Protein chains: 2
Amino acid sequence: MKIILLSGGSGKRLWPLSNDARSKQFLKVLQNEEGGSESMIQRIFRQLGKSCPDTEIILATSEVQSDSIRRQLGNEVEKVLEPSRRNTYPAILLSGAYLLDCKQAPDDEIIIVLPVDTYVEQDYFDKFRDMERALTEFGAEICLMGIHPTYPSEKYGYITVSVPDGESCGRVVSCVEKPDLAQARRLMQDGALWNGGIFMFRASFVKALIAKELGTVSYEAVYRRYHELPYISFDYEVIERHPSMACVIYDGEWNDLGTWNTLTEQMKEPDGGFVIRDDGCNNTHVINELEIPIVAMGLQDTVVVASADGILVSDKHASSFLLPCVEQIDNRPMYEKRQWGEYKVLDVQQCKVDAGNSLTKSMYIEAGRSVSYQLHHFRDEVWTIVDGRGIFLLDGEARRVGRGDVLFIPRECKHAIWSLTGLSFIEVQIGSDLVEEDIERLDWDWSEILRQQGETDNDGAK
Amino acid sequence: MKIILLSGGSGKRLWPLSNDARSKQFLKVLQNEEGGSESMIQRIFRQLGKSCPDTEIILATSEVQSDSIRRQLGNEVEKVLEPSRRNTYPAILLSGAYLLDCKQAPDDEIIIVLPVDTYVEQDYFDKFRDMERALTEFGAEICLMGIHPTYPSEKYGYITVSVPDGESCGRVVSCVEKPDLAQARRLMQDGALWNGGIFMFRASFVKALIAKELGTVSYEAVYRRYHELPYISFDYEVIERHPSMACVIYDGEWNDLGTWNTLTEQMKEPDGGFVIRDDGCNNTHVINELEIPIVAMGLQDTVVVASADGILVSDKHASSFLLPCVEQIDNRPMYEKRQWGEYKVLDVQQCKVDAGNSLTKSMYIEAGRSVSYQLHHFRDEVWTIVDGRGIFLLDGEARRVGRGDVLFIPRECKHAIWSLTGLSFIEVQIGSDLVEEDIERLDWDWSEILRQQGETDNDGAK
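Q: Let's hear about the relation of the copies chain A and chain B: which residues, and what values?
A: Superposition of chain A onto chain B requires a rotation of 180 degrees combined with a translation of 0.0 Å along the rotation axis, giving an RMSD of 0.1 Å. These values place the two chain copies in the arrangement generated by a two-fold rotation axis. Judged by C-alpha distance, A:Leu346 is the residue of chain A that lies nearest the rotation axis, at 2.9 Å. Here 100% of the interface residues in chain A have copies in chain B that are interface residues too; the copies meet face to matching face.

Written as structure tokens, this is what we have:
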């Protein structure tokens, strides 16, 4: 058996903590076994390690998540990086091609595709064996996992299954993806199940899909021609109309953690960050990533979340319908974790007297790491070092810098900085078009400079 | 008649918009007659101008409010500045001494003391004549204004008045200041009135009080010996035990605007700033002074207020009990308006590698104004000009600066900047003790430099 874990869609359903650069699966808000905190992706990796210790796991993800994955799961995780964001159908085909072509998976290998954002107990993973049996027993091409619905949700797919008495699996009669509310009510009354988002099939099945789309199962070809694959979910493209499917029913705890309403139910602590609440708050969660305090008083069934991107104050039930509100906001990300450290946007100004703009950031670079050697076409930068020591590189000239030094970087000048101790600086950008995209990255090998300066190189040097 | 308007207590009852440096009476959240917005102090000045156009008004305030007063009411307002913050009893004595000594008010002059934070309709001011009549009619030394209570509040004083049938004024039988809830209920049942915070008396009355406290009514002496006056409110010191008082009943609209609960009732708009709300919010106000968005969903009877100082999310009724929550916060003010412009604290960091701290501010100086010539003992500063032009002065040497210039100011160096066009810069402070108090202000006359630079001087030059 091989596992494809879909670490997909950044999205904004958990705004303001999730955005295009930060995905919900990396938020460390769940409780781990030792009482500490862990993220969704850490939780599912821990659970899979326990239930399927010898099974190979492929993480279907994108470059933008690489830093977060390294940070939370280490360097050992096997990743398939989508060349561009599309949807689950292309993502599963790419990972399938990887298993077939690069890992030489035989045609009868069982492949199981899992979402990364499901909150479940350990017995969920024991169902994988039942699914494998059902696939054979019913002579089906796909096996799904069905969940007893608890309310008529419009967000899920519904599966109608013919289940023999006393059994917990059966043949799928029909599937409906994201029905409207009236239809969801009817389906629920008729005993339909939620589709838990798990797909199990044999390697030969995905092989046929890839061959149908592109005429080849070469991983290199699928990767190169990824943009030709239809932008569609696996549910719509395959599940909703497939004639040969089985389903295993799971009746343990299941929660998709896709909204603040569901996520807060599983959160370790009601408050995070600088929060003051009175005794009158009930069933209320307050998460504060800002440095200023949040005072919460007399709130019922409310979720308050503040980050550098914005502030959400919502009735918990209403928070499920966040997307249309958040889609009105097109601000740039104000906080990002990167491979080298992190930055926060402190201030953005449009000039009133002169032409142009300014943008101020707080930057932190971890010890032994550096920002890439780079230049900007549309801005000058002023860096004021406020903590730590490093080596600053400007057009090939290196010098040691530290707290109190002010570095002026005119546009078109190549620059980088190496952090020796952990390094904080304030960056003021002055220019016309102050976007992350105004960057040209150049190659640079720090090892020579580090040697000259008597500093040891490590894995951050490149 | 002379009016003393008490523009007092900054306080935190409207946190995070009011703090030690910003008082609630200057928040421009009310609706003026033209449909624009106005502050409490602007409203009451407008109303007084209409009802008592020829009456002298003295504003009892403190130096810290001077800039806001100039900004909102102009330079013409007559102010009595308390040398230190004490309470209403000393403040009224100081203003009384000013009227007696500097304005030569005769002994029988009527003096009326008003709070600045009462929200009333115009007919409230017509009651002043009734109060003057009642003072004479009942041979009383003080006349109060009584308000019919709408709920048993613990925040107000209660007056029991013997009112003849068909009359709207009478003799005060007793006064109780801030009773507990049970007592407030009893008082309300017995027909007691709220004390509306207005005191009317003759000049001779306050003259006797001042003489009793300090043995002199010289304004200079009262000002100099202000710290000797007891730190107590006029209600506790005088009203609660005075034997000879009358009271006029006012039954129009009256609201003390002292809490978010009461203030939001009078607010012009439910939202202020960058706010996105869904259709499910009812009786909910959202005020956002930050640049990041607030998304409000499904909220009932809620007030959300965000400023650089913090974020309040509260049930409206619960917001009346804000003080104990906010008193746990001892952060410095993060945003202040000053005579020369305004600043916002963007970032505060404690060093992890080196000793010390850093603090980053965004500064804006209005055209034709300057920050005072100053030096700091415990910090260096780096100013990066992001918009506008000015004249920078460092240890007596002046030079023109503009967008893109970086100014390094070592500790102990005297410095100032003159804004020619409106000037924005980012200030990074690096030092050990980064507080507003680390400042030594020096005299400087800009006129010579401005003349040399061919710039015209104006009222900002000093």
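Q: Any details on the side chain of A:Ser319? Residues and values, ideally.
A: All names here are of chain A. The residue Ser 319 is located in the loop between strand E19 (310–315) and helix H10 (323–326) in this model. The class of Ser 319 is buried, set by a relative accessible area of 1%. Within the local environment of Ser 319, its side chain forms a polar contact with the backbone oxygen of Lys 316, the two atoms lying 2.5 Å apart. Those residues in contact with Ser 319, other than ones at most four positions away along the chain, are Trp 260, Asn 261, Val 303 and Ser 314.

Q: Any details on the pattern of salt bridges? Residues and values, ideally.
A: Residue and element names in this part refer to chain A. Per the stated rule, a full pass over the model turns up 57 salt bridges over all chains. A salt bridge links Arg 133 to Asp 130, with the shortest nitrogen-to-oxygen separation between them at 2.4 Å. Of this pair, Arg 133 and Asp 130 both sit in helix H4 (residues 123–137), 3 residues apart, roughly one helical turn. Assessed through its relative accessible area of 22%, Asp 130 is described here as partly exposed. As a salt-bridge pair, Arg 224 and Glu 220 come within 2.8 Å of each other at their nearest N and O atoms. With Arg 224 and Glu 220 both in helix H7 (residues 219–224), this residue pair falls 4 residues apart, about one helical turn. If you follow the salt bridges from partner to partner, you end up with Lys 2, Glu 56, Glu 78 and Lys 103 in one network.

Q: So, helix H6 (residues 203–214) of chain B: which residues are in play, and what are the values?
A: All names here are of chain B. Given a rise of 1.5 Å per residue, 12 residues ought to cover 16 Å, and the 16 Å separating the end C-alpha atoms of H6 matches this to within 8%. Buried residues of H6: Ala 203, Phe 205, Val 206, Leu 209, Ile 210 and Leu 214, and no others. For H6, the angular spread of buried residues about the axis comes to 165 degrees, placing them on one side.

Q: Tell me about the sheet that holds strand E29 (residues 423–431) of chain B, and please be specific about residues and values.
A: Residues and elements named next belong to chain B. A sheet is described by the order of its strands in space; here 6 strands give the open sequence E20-E21-E22-E29-E24-E27, paired in antiparallel fashion. The open sheet is flanked by strand E20 (335–338) and strand E27 (406–409), the only strands paired with a single partner. Here the strands of the sheet are splayed against their neighbours by 20 degrees on average, with no regard to which way each runs. Where E20 and strand E21 (residues 341–350) come together, 4 bridges link them in antiparallel fashion. Pairing of Glu 336 across the sheet is with Tyr 343, part of E21.

Cut-offs applied
- Residues numbered from 1 in each chain as written.
- Chains lettered and ligands numbered in written order.
- Predicted model: local features only at pLDDT ≥ 70, side-chain atom pairs only at ≥ 80, totals over all residues.
- Heavy atoms only, no water.
- Least-squares fit on C-alpha atoms with pLDDT ≥ 70 in both.
- Contact = heavy atoms within 4.5 Å.
- Helix = DSSP H or I, 4+ residues; strand = E, 2+ residues; numbered from the N terminus.
- Buried < 20%, exposed > 50% of the residue type's maximum accessible area, 1.4 Å probe, protein only.
- Polar contact = N/O pair within 3.5 Å; in protein donor to acceptor, adjacent residues only side chain to side chain.
- Salt bridge = Lys/Arg side-chain N within 4 Å of Asp/Glu carboxyl O.
- Expected span 1.5 Å × (residues − 1).
- Arc of directions from axis to C-beta.
- Pairing = 2+ DSSP bridges.
- Axes fitted to C-alpha atoms, helices over the stretch in contact; angles between N-to-C directions.

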